[in-house]
Amino acid sequence: MALDIAAQKQETEFIGEHFEGLGDCLDALFGSAEEFFEHLPKSIERGEKIFQTNKTAHIIKYPDSKEISFVHLIGPYETFSSAYIASAPLLGGVKHTLKLTDCYTWKNGLEGEFCGILCSDEKIVLSFYNPFFMRDIANFKTGGEYNVSLAALAFDIEPFKEQEIKVNTGAFNKAGKRELSSGRSKIKDKFPFATLKISREVFRAFMPSNYTCIFNAAGCIEGISYTHLFNTPIAILRVNFGLKGKDDFLINLYSSPYVCGPYMPKEGDTIQTNIWLCGYFI
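Residues numbered from 1 in each chain as written. Predicted model: local features only at pLDDT ≥ 70, side-chain atom pairs only at ≥ 80, totals over all residues. Heavy atoms only, no water.

**Some details on the side chain of T227**
Argument step 1. For T227, the location among the structural elements is in strand β12 (residues 214-229).
Argument step 2. There is a polar contact of 2.9 Å between the side chain of T227 and the side chain of E67.
Argument step 3. Excluding residues within four positions of it along the chain, T227 makes contact with E67, I68, T232, P233, I234 and I236. (Helix = DSSP H or I, 4+ residues; strand = E, 2+ residues; numbered from the N terminus. Polar contact = N/O pair within 3.5 Å; in protein donor to acceptor, adjacent residues only side chain to side chain. Contact = heavy atoms within 4.5 Å.)

Structural data, given as structure tokens:
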């Protein structure tokens, strides 16, 4: 059962509030933001400049990795023509085509988010942080279709828990009262409680939260690889948040030991997780 969350009143509106900060991402990767800032000076010093606007703003990338690295945004601030503004994870993702309907620029003018609809049978509504926002915003047109590399960072992760739910609807109750008043039958005979099983084999979810770019999700791990970011080991989980085959919705999900805890992800596991979605134009 894949959940379709595309039925919104207006396609061009973001779902949830914008939160202009990535502190939770640093905690998810390094256990604390303080740990990341120990690596920041060397990262900026050794990084490669990969993009520059016609002004003084530019992007530095470090390390030189296709899997996971960081981008550092440098730009004008008050009386400084070139100051450190922010950093963001850069995650290698899976190519998807999206019809983008809106964008949102953060107050610093260099960071931002896009939202749109996945061009597939699922038509999932997505919003994502773009680490190359200052580069990609110049190419954005409302309603245009773009190839986007999508990836996600896990804020937490655990095996999916199967559930059984007993359902007794109001309609059942009203019908039962009519039956009892007529003396023809008992409700437990004609209208038993229905038991619904939520199974890991078929349950999939990709639901928005109260904040843009953060989703509550459930999917199946189809592959696992491993890498490092600075001194932190990172698991890259190739997770299908749709049903395998026609309804595939694959995303690279990056998970550190700080969010996995005692759980060791395995191929074939169905997981439930809260994620931060990011992507850039390709």
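**Here's the deal with the sheet that holds strand β3 (residues 68-77)**
Argument step 1. What the 4 strands build is an open sheet, ordered β1-β2-β3-β4; its pairing is antiparallel. In the strand order of this sheet, the two ends are held by β1 (48-52) and β4 (80-91), each with one partner. Strand-to-strand twist across the sheet, computed as the mean angle between neighbouring axes with direction ignored, equals 25 degrees.
Argument step 2. In the sheet, β1 pairs with strand β2 (residues 58-62) via 4 bridges, with the strands oriented antiparallel. Counterpart to F51 in the pairing with β2 is I59.
Argument step 3. Contacts between helix α1 (residues 23-30) and the sheet are confined to β3 and β4, with β3 contributing the most and set at about 150 degrees to the helix. (Pairing = 2+ DSSP bridges. Axes fitted to C-alpha atoms, helices over the stretch in contact; angles between N-to-C directions.)

**Re α1**
Argument step 1. Those residues of α1 lying buried are C25, L26, A28, L29 and F30. Each buried residue of α1 lies within a common arc of 165 degrees when the element is viewed along its axis, so the set occupies one face.
Argument step 2. Directly after α1, the chain includes G31, whose backbone phi takes a positive value near 90 degrees. (Buried < 20%, exposed > 50% of the residue type's maximum accessible area, 1.4 Å probe, protein only. Arc of directions from axis to C-beta.)

**A short note on the packing of aromatic side chains**
Aromatic ring pairs are defined here through the distance separating the ring centres and the angle between the ring planes.
Argument step 1. Under the counting rule described, the total for this entry stands at 20 aromatic pairs.
Argument step 2. Pairing F30 with F230 gives two aromatic rings, centres 5.9 Å apart and planes at 25 degrees, and the pair type is stacked. Residue F30 is located in helix α1, and its partner F230 is located in the loop between β12 and β13 (232-240); the two are separated by 200 residues in the primary sequence. With respect to burial, F30 and F230 carry one shared label: buried.
Argument step 3. Three or more aromatic residues joined by ring pairs form one cluster here, namely F30, F36, F37, Y62, F70 and F230. (Phe/Tyr/Trp six-rings, centres within 6.5 Å; stacked < 30°, edge-to-face > 60°.)

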